[in-house]
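# Chains, contacts and geometry: an overview
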Amino acid sequence: MKKHFIVLLLLISGRRCAGGEADNTDSKKEKDDRDEISYTESGEAGKSPEGEEAASANPDGDKSPVSVVLDGIVESLTASGSEAPAESTPAPEESPEPEPTPEPLFGEGYVIAIDAGHCSKPETWLYEPVGPGATETKMKDTGGTAGRFTGVAEYELNLQLALKLQALLEERGYTVYMTRTENEVSLGNIDRATVANDANADAFIRIHANGSEDSSVHGAMTLCQTPYNPYVQKYEESKLLSVCVLEELCNMTGAYQRSIWETDTMAGINWSQVPCTLVEVGFMTNREEDEKMATEEYRSLIAEGLANGIDRYILERAALTGAE
Ligand SMILES: [Zn+2]
C-alpha cells in the first residue's frame, strides 16, 4: 500500500514540475521529487488526530495543490478499503506505561514493638526489680492464666494475637519488633521492655488476657503508668495510646469497655522508656469471652481493633506533641 502511494506521489509531482516549471533541469526536478516524497512521508508518519481535524476544518488553507489532491486520494482510500485506516495511521510505538508511584503506606517510618505476654517456660523462681533502680522486686513471669472453659493457655492466645497484629501492622507499613514469636522461651519483663527500648519504638503494646474469680466479669481494659511514675515519664503518650487501643478494640469486637488502669506497679511498664500500654483483651474466666477468644474470627477482630488503635494513636499523638 505504501509503495503504491509513493508511486502516485511521484507521478503527481512529476506532472506538476513538468507543467509549471518549464525551465527545470533534470537535477532540479529530481531534487523536487525527493522533497515531495520526504514531505509526504513525514506528513504520513507524523499525522496526528489533531492534524487531521485541523486539515478538514480548514480544507484549502495554504496547502499546496499536491496535498489537496493527496487528501482526496487518502479520503477515497479510507472510504473504500478497510485496511486503509491501519495503513494511513500507523499505530504509534507502544511506550511502556510509567509505573504509578505507590502511595506511601500510613505506617511507614513508624516503629511498633509488640509483646505477647508470658511464655511456656516461665521462670517463676526468678525475681527482678520492679523498675530501674528499684529495691522492690517482682516475679519475672507468673505464667499467666488459661481459658476456664477452653483450656487455652494465655501465653498461646497472646502469641496468636501478637502474630496477627504484626501481620496487620506490617501490611500498613509499620516496622514491627516482636519480643517473642514462639512459646518455648523464658522472658522477664525487663527483657521485653528492652526490645521496645532498643527499637526506640513509637509505641510498645503488651498483649494479655485477664482472669477473675468471678466468671461473670468480662470486657477489655488497658493499663499504663500514672503521671507520677518514678521510673519513666511518658504519661501523656502512654495514656493516649491506652485510650486509642481500648476504644478501637471495643469498637471492633463489641467487647464491653472497662477502664484504663493507671498504675506504677507493673515492671514491664516501668522499664519501658517508650510510650507503653498493656491491653487485657478479655476475660478467660468468662465463658462467652473465653470461647470467642478461642476462634480465629474473633482473634482477627481483636488484632484489627488493636491495629486501628495504633493508627489512631499515631494520628492523635501528632496533635498532642506537635511533632510528626
Ligand atoms: Zn497476662
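Structure: above.
Summarised in this report is the structure supplied together with it. (Residues numbered from 1 in each chain as written. Predicted model: local features only at pLDDT ≥ 70, side-chain atom pairs only at ≥ 80, totals over all residues.)

What follows is about the overall build of the chain. Looking only at helices and strands, the chain features 11 helices and eight strands. Here the chain holds 324 residues, and 35% of them are scored as buried. Look at the contacts in the chain between residues 6 or more apart in sequence, and 78% of them connect residues 24 or more apart. (Helix = DSSP H or I, 4+ residues; strand = E, 2+ residues; numbered from the N terminus. Buried ≥ 20, exposed ≤ 12 C-beta atoms within 10 Å, placed from the backbone. Contact = placed C-beta atoms within 7 Å.)

The subject of this paragraph is unusual backbone geometry. Of note in the backbone geometry, His118 takes a positive phi value of approximately 65° without being a glycine. Take His118: there are 25 C-beta atoms within 10 Å of it, and that puts it in the buried class. A positive phi angle, close to 50°, is found at Asn200, a residue other than glycine. Looking at the element boundaries, Asn200 is found in the loop between helix H7 (189–199) and strand E5 (203–210).

Moving on: helix H8 (residues 235–253). For H8, which comprises 19 residues, the first-to-last C-alpha distance of 27 Å matches the rise-based estimate of 27 Å (1.5 Å per residue) to within 8%. Residues Glu237, Ser238, Lys239, Leu240, Leu241, Ser242, Cys244, Val245, Leu246, Glu248, Leu249 and Thr253 constitute the buried set of H8. Next to the buried residues of H8 lie E5, strand E6 (220–224), strand E7 (257–262), strand E8 (276–283) and helix H11 (296–321). Phi for Gly254, located one or two positions after H8, is positive at around 80°. (Expected span 1.5 Å × (residues − 1).)

Quick look at the packing of H8 against H11 now. Their axes nearest at 7 Å, the elements H8 and H11 cross at an angle of 145°. In this structure, H8 meets H11 at a crossing whose hand is right-handed. By residue class, the composition of the contact of H8 with H11 is 13 nonpolar, five polar and eight charged. (Axes fitted to C-alpha atoms, helices over the stretch in contact; angles between N-to-C directions. Left-handed = near helix turned anticlockwise from the far one by under 90°. Nonpolar A, V, L, I, M, F, W, Y, C, P; charged D, E, K, R; others polar.)

Looking down a regular strand, the side chains alternate between one sheet face and the other. Pairing of E6 with E7, which is carried by four bridges, proceeds in the parallel orientation. Directly across from Ala220, in E7, lies its bridge partner Gln257. Crossover E6 to E7 through H8 is right-handed. (Pairing = 2+ DSSP bridges. Right-handed = clockwise from strand over helix to strand, strands pointing away.)

Okay, the nonpolar core next. Grouped together as the largest cluster of nonpolar side chains are 57 residues, with contacts concentrated most on Ile112, Ile205, Leu306 and Ile310. Ranked by the residues each element gives to this core, the list is headed by helix H6 (residues 154–171), at eight residues. Not counting chain neighbours up to four residues away, the residues in contact with Leu306 comprise Leu165, Ile205, Val245, Leu249 and Val279. (Core = buried A, V, L, I, M, F, W, Y, C linked by C-beta atoms within 7 Å.)

The next subject is the sheet that holds strand E1 (residues 111–116). Strand order in the open sheet made by the six strands is E4-E1-E5-E8-E6-E7, with mixed pairing throughout. Of all strands in the sheet, those bounded by a partner on one side alone are strand E4 (175–178) and E7. Strand-to-strand, the axes of this sheet are offset by a mean angle of 20°, without reference to chain direction. Where E5 and E8 come together, six bridges link them in parallel fashion. Bridging from a neighbouring strand, Asn210 pairs with Phe283 of E8. The strands touched by H7 are E1, E4 and E5; relative to E1, the strand with the most contacts, the crossing angle is about 175°. H8 contacts E5, E6, E7 and E8 of the sheet and is inclined by roughly 170° relative to E6.

On to the environment of Asn308. Along the chain, the position of Asn308 falls in helix H11. By C-beta crowding, Asn308 is classed as partly exposed, having 19 other C-beta atoms within 10 Å. Sequence separation of Asn308 and Leu168 is 140 residues, and the distance between their C-alpha atoms is 9.6 Å. Ignoring sequence-local partners within four residues, the contact set of Asn308 consists of Glu248 and Met252.

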